[in-house]
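Structure at a glance
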Amino acid sequence: MRFLLRVLNGAILLYLAAPIFVVVATAFGSSAYPIFPPQHFTLQWFHQFWGNPELRDALRISALLGSVSTLLATSIGTLSALALVRYRLPGKTAISALLLSPILFPAVVLALALLVAFQRVGLTQTFTGLVAAHTLLITPFVIRLVMASLAEFDPSLEEAAQNLGATWSRTFFRVTLPLALPGILAGAVFAFIMSFDELVVTLLLAGPQLQTLPIRIFNYVQYSSDPSISAISTCLIVAWLAIGIPVYTRFLSVKHL
Amino acid sequence: MAYLTLRKLNKRYGATVAVEDIDLEVAAGEFVALLGPSGCGKTTTLRMIAGFVPPTSGEIRLGDADVTHLPAHRRNVGLVFQNYALFPHMTVRANIEFGLKAHHVDSAQTRERVRSVLALVGLSSQEDRYPRELSGGQQQRVALARVLALKPDLLLFDEPLSNLDAKLRVQMRQEIRRLQREVGVTALFVTHDQEEAMTMADRIVVLDRGRIAQIGSPAEIYDRPRTRFVANFIGTSNFFEGVFLPGSPLGIFRCASGLEISIPPEIVAASASAATLAIRPEKIEFVNAKAPGSLPGAIRQATQLGSTMEYLVELGSGDRVIVHEQKRPRVPVRAAGEHVRIAWHPADCVFLQSEKERSDDRV
């Protein structure tokens, strides 16, 4: 029985990880289109990626857009989560549902709504518009994750701080914030990935000057099938291993999700 | 001189009364226990004094100052929480320094105070540990050291021993009392554990449904309870409902069952005609058949309490009486079914105030 379970677990893990192996493997193959298993080791697709100014530009835009949106979403989301968990607000359930509603909308519907709204105020094809749209999309995830981590937070710690003479701000910055930090970081990491990955809404709102990496990749694969895309993906996977995993294991655990 | 004064303190949540007309004066250096079952308002009272719950009405005075409306962080009142509430992301030292920094104590004095309170609670070697690395008893000491470092005007304890195991609890009772005496700080100790209150406190305040039922020394509370609630909550009592018979020279109390009990004559004059009489189980003894005024009965149940035995005795009148008897060397314990005679001294009877009016005005 235990053996069968192990086999099943192994199969599930393989199923989840297989695309990553295939993508990474094809990035190093010499044929002009991705094949698996790859033949003849080469780094030419990485050169091609770095040598392509459009893709490099797209990477820069995506990173900047993700960073700004994450900063905004994390601030708004943390404060919203604190208010929702801590204080007895009238209509708390309604507010909570409203704040989390962007998760439930189909992305296309949301994108159309934003397009119509942004056209009125002249925000389409602007960086500000994209930041506003991404912040809207990713804030609910921050709220959810911070709320989950605050649910374990013992409110008597804040009372203890006040009892020891700490003002409201000292209590917040020395006790509440440090203890909520794992949840906030989890939210931020998640939010950045969501933003970095976003295609549908960005596609409708971004102009020709604001092509993010997902849009470039999307366009690229429409007329070319060389493994440059595999090379980009491999770079992103390595970046996640180098930055994301250490942050993840240091501050976050499954219980925060 | 009263150091902490509560005057007509009230707390209502909508229609629910949590605390009602609490009047209390605590002298400087005194250790007072707030005792009662859960929901009696003892924790709400404590939280009002700490500044976490605003009173609906009434006044809280500390020394000469009215602190009723002072925010929690401006009251120099140290609170030891039930779950200790140590900051999990700080070491023992940082936990203790937290309050000193909030009060802008300079660094040389901070070091000195941390050192001295850690020595006081016997944790000098643990200052770089995190709370999760300490045992429950050690966490308790850190919580105590953390508030003592601020030299508080008043120490509040919110059931601080309820998370410890039985042996440690008894040890920490003495430890807390020793520290409180050494520092000379006034203390208010909330507990639902009557034994804790009896062994630790100079005075006990018994709370019943938001009101003070009785204030007194542990001996007064135990030996002279004023209401049936107090007599029942602290220790065990036998209760007899009945009336005083007028005109009898010795003083006779007749129960509904027909049982007649001799009582000190001066009580008859001082009391209303209908009353409740209480007698503690250990004040009743088994006597010889010929002893005058003794009551015949049979043991229905014998229960081991450790060093004492508890007997349930059914009297001829049908009344059932609990009797506690200390075990003695080479004397066998009694068994169920045995026929006995019991007696007590009339002076050990306590007459309780009627609680009727109390329950009527609460409907």
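Residues numbered from 1 in each chain as written. Chains lettered and ligands numbered in written order. Predicted model: local features only at pLDDT ≥ 70, side-chain atom pairs only at ≥ 80, totals over all residues.

With that settled, the discussion passes to the overall build of chain B. Looking only at helices and strands, chain B features ten helices and 20 strands. With the principal axes as the frame, chain B shows a C-alpha extent of 80 × 50 × 35 Å. Per-residue burial over chain B gives 35% buried out of 363 residues. (Helix = DSSP H or I, 4+ residues; strand = E, 2+ residues; numbered from the N terminus. Buried ≥ 20, exposed ≤ 12 C-beta atoms within 10 Å, placed from the backbone.)

Helix and strand content of chain A: eleven helices and zero strands. Beginning at the N terminus, the succession of helices and strands in chain A can be written as α-α-α-α-α-α-α-α-α-α-α. Oriented by its inertia axes, the alpha-carbon framework of chain A measures out at about 70 × 60 × 35 Å. Out of the 257 residues in chain A, the part that is buried amounts to 32%. The long-range fraction of contacts in chain A, counting pairs at least 24 apart against all pairs at least 6 apart in sequence, stands at 75%. (Contact = placed C-beta atoms within 7 Å.)

All right, on to the sheet that holds strand E9 (residues 203-208) of chain B then. Residues and elements named next belong to chain B. The strand order E6-E7-E8-E3-E9-E10 describes an open sheet built from six strands, whose pairing is mixed. Each edge of the open sheet carries a strand with a single partner, namely strand E6 (77-80) and strand E10 (211-216). Neighbour to neighbour, the strand axes of the sheet diverge by 20 degrees on average, direction disregarded. (Pairing = 2+ DSSP bridges. Axes fitted to C-alpha atoms, helices over the stretch in contact; angles between N-to-C directions.)

Moving on: the confidence of the model for chain A. Of the residues in chain A, 97% have a pLDDT of 70 or more, and the chain-wide mean is 87. Taking the mean pLDDT of every element in chain A, the minimum, 82, falls on helix H11 (residues 228-251) of chain A and the maximum, 94, on helix H7 (residues 156-163) of chain A. (pLDDT = per-residue confidence, 0-100.)

Below, the discussion takes up the sheet that holds strand E16 (residues 295-304) of chain B. All names here are of chain B. Taken together, the five strands give an open sheet; going across it, the order is E15-E19-E16-E17-E18, and neighbouring strands pair in antiparallel fashion. Every other strand in the sheet has two partners, leaving strand E15 (285-286) and strand E18 (320-326) as the edge strands with one partner each. Across four bridges, E16 lies against strand E19 (residues 339-343) in antiparallel orientation. When the bridges of E19 are listed, Gly297 appears paired with Val340.

Right, let's get into the nonpolar core. By size, the foremost hydrophobic cluster in this structure holds 88 residues, and its most contacted members are Ala33(B), Leu34(B), Leu156(B), Leu188(B), Phe189(B), Val205(B) and Val206(B). Residue contributions to this core peak at six residues, all from helix H4 (residues 136-148) of chain B. Ignoring any residue separated from it by four or fewer positions in sequence, one finds Phe189(B) in contact with Phe31(B), Val32(B), Ala33(B), Leu34(B), Phe157(B), Met200(B) and Ala201(B). Counting 44 residues, the second-largest nonpolar core is a separate cluster that includes Trp45(A), Phe49(A), Ile61(A) and Leu99(A). (Core = buried A, V, L, I, M, F, W, Y, C linked by C-beta atoms within 7 Å.)

A separate point is the interface of chain A and chain B. At the junction of the two partners, chain A supplies 15 residues and chain B supplies 17 residues. Contributing elements (two or more residues each) for the side of chain A that touches chain B: H7 and helix H8 (168-197) of chain A. The biggest single contributor to the side of chain A that touches chain B is H7(A), with six residues.

Glycine aside, residues mostly have negative phi angles, and peptide bonds mostly take the trans form. The phi dihedral of Gln125(A) is positive, around 60 degrees, even though this residue is not glycine. Considering the arrangement of structural elements, one finds Gln125(A) in the loop between helix H5 (107-121) and helix H6 (127-151). Phi is positive for Asp21(B), which is not a glycine, with a value near 50 degrees. Among the structural elements, Asp21(B) can be located in strand E2 (residues 16-27).

What follows deals with the environment of Leu136(A). All names here are of chain A. One can find Leu136 in helix H6. C-beta crowding within 10 Å serves as the criterion here: with 18 such atoms nearby, Leu136 is assigned to the partly exposed category. Separated by 33 residues in sequence, Leu136 and Ile103 place their C-alpha atoms 9.6 Å apart.

Residue and element names in this part refer to chain B. Bridging between E9 and E10 involves five bridges; their strand directions are antiparallel. Bridge pairing links Asp208 to Arg211 in E10. If you look at the hairpin formed by E9 and E10, you'll find two residues sitting between the two strands, and Arg209 has a positive phi there, around 50 degrees.

The next thing to look at is the confidence of the model for chain B. Overall, the predicted model of chain B reaches an average pLDDT of 89, with 93% of residues at or above 70. Note on residues 357-363 of chain B: pLDDT under 50 across the span, and zero contacts to partners over four residues away in sequence or across chains.

This part takes up H8(A). Over its 30 residues, H8(A) runs only 38 Å from end to end, short of the ideal 44 Å by more than 12%, given 1.5 Å per residue. At Leu181(A), H8(A) shows its largest bend, some 50 degrees, and a proline, Pro182(A), comes one to four positions later. (Expected span 1.5 Å × (residues − 1). Bend = angle between axes of the 7 residues up to and from the residue.)

Another point: the packing of H6(A) against H8(A). All names here are of chain A. At a minimum axis separation of 8 Å, H6 and H8 run at an interaxial angle of 155 degrees. Accordingly, the angle class assigned to the pair H6 and H8 is roughly antiparallel. In the crossing of H6 with H8, the sense of the turn from one axis to the other is right-handed. When H6 is examined against H8, the residues His134, Leu137, Ile138, Phe141, Val142, Leu145, Val146, Ala148, Ser149 and Leu150 are found in contact with a partner set consisting of Ala180, Pro182, Gly183, Ile184, Ala186, Gly187, Ala188, Phe190, Ala191, Met194 and Ser195. (Parallel < 35°, antiparallel > 145°, perpendicular 65-115°, else oblique. Left-handed = near helix turned anticlockwise from the far one by under 90°.)

Right, let's talk about the environment of Cys235(A) for a bit. Residues and elements named next belong to chain A. In this fold, Cys235 is placed in helix H11. Residue Cys235 is classed as partly exposed on the basis of its 15 C-beta neighbours within 10 Å. Sequence separation between Cys235 and Val24 is 211 residues, and the spatial gap between their C-alpha atoms is 9.0 Å.

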